[in-house]
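Tertiary structure, described
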Amino acid sequence: MKKIAFLLIFFTYSFAIVSIEPKDIGKKSPGLSGEVGVSTEINRGNSDSSSFSISSRIEYDENSSLQYAIISYEYGESNGDRYEDRAFLHLRDLQKIDSLKVWEYFFQIQRDEFKDQNLRAILGMGPRIKIYNKDAKVYIGVGAFFEREDIEHKDSKDYFRGNFYVAYKQRFNQNIKAAFVSYYQPKLDEFSDFENFSTLEFSIKLTSKLNLLLKSQYEYDSTPISNVKKYDFTQKMGIVYSF
């Protein structure tokens, strides 16, 4: 059964939202499902700025495996100067081992002009174990990946990083659910050089077709390039319309 969700975004900043809720194989009817978000913001007068973003998540469940793709692009200008230009693509394949364990393969590519990041590409794998499976579900992921990073005015660098994460999701009632995921990704030859990505979200059902999504995200890099802060924090809010 095909399903497409359009995300209508409203907040101080303009960006699209894609849910980070951990996925379980075989929880939907076999087939394709997904979500797509588009948003734009235009200001004229005292402030002359515009921004645009689009994101989507598409997944295919076969009951014994699940594949999904996340893609997003964000662009913004103020008084004729760009202040945002970044793109992201993530592909993941989950292969069922048993009712609690899956094996994950993943590929990701991204760029961020205002972090001087021309390219960051990773390719990795590892197991994910569900350690609590009642009203709340808790997952532990352990793995590793190869990373290539191309920074403006610097040579490309290759690394191997560990990939350790904990994820959680819970439905409190028919109308409210939450999800959390936190990644710790150290260099395997230098654990003091690490990255951390943590996201918390709440989804509130408004009608049979509408959900309100509240999302906070924290990113930390222990050794960023010069002139770039070690952390980024964003908050997002959007309306999800599904059919």
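On a predicted model such as this, the values are computed, not experimentally measured, just so you know.

**Let's talk about the overall build of the protein chain**
The secondary structure content of the protein chain amounts to 0 helices and 13 strands. Listed by position from the N terminus, the elements making up the protein chain come as β-β-β-β-β-β-β-β-β-β-β-β-β. Intrachain contacts of the protein chain at a sequence separation of at least 6 include 50% that bridge at least 24 residues.

**With respect to the pattern of salt bridges**
Evaluation of the coordinates by the stated rule reveals 20 salt bridges. Glu74 is the salt-bridge partner of Arg86, the closest N and O atoms lying 3.4 Å from each other. Of the two residues, Arg86 sits in strand β5 (residues 81–96) while Glu74 sits in strand β4 (residues 65–78), which places them 12 residues apart along the sequence. Between Arg120 and Glu147 there is a salt bridge, with its nearest N and O atoms 2.7 Å apart. With Arg120 in strand β7 (residues 117–133) and Glu147 in strand β8 (residues 136–151), the pair connects residues that are 27 residues apart, well separated along the chain. In terms of burial, Arg120 and Glu147 fall into one category: buried.

What counts and what doesn't
- Residues numbered from 1 in each chain as written.
- Predicted model: local features only at pLDDT ≥ 70, side-chain atom pairs only at ≥ 80, totals over all residues.
- Heavy atoms only, no water.
- Helix = DSSP H or I, 4+ residues; strand = E, 2+ residues; numbered from the N terminus.
- Contact = heavy atoms within 4.5 Å.
- Salt bridge = Lys/Arg side-chain N within 4 Å of Asp/Glu carboxyl O.
- Buried < 20%, exposed > 50% of the residue type's maximum accessible area, 1.4 Å probe, protein only.

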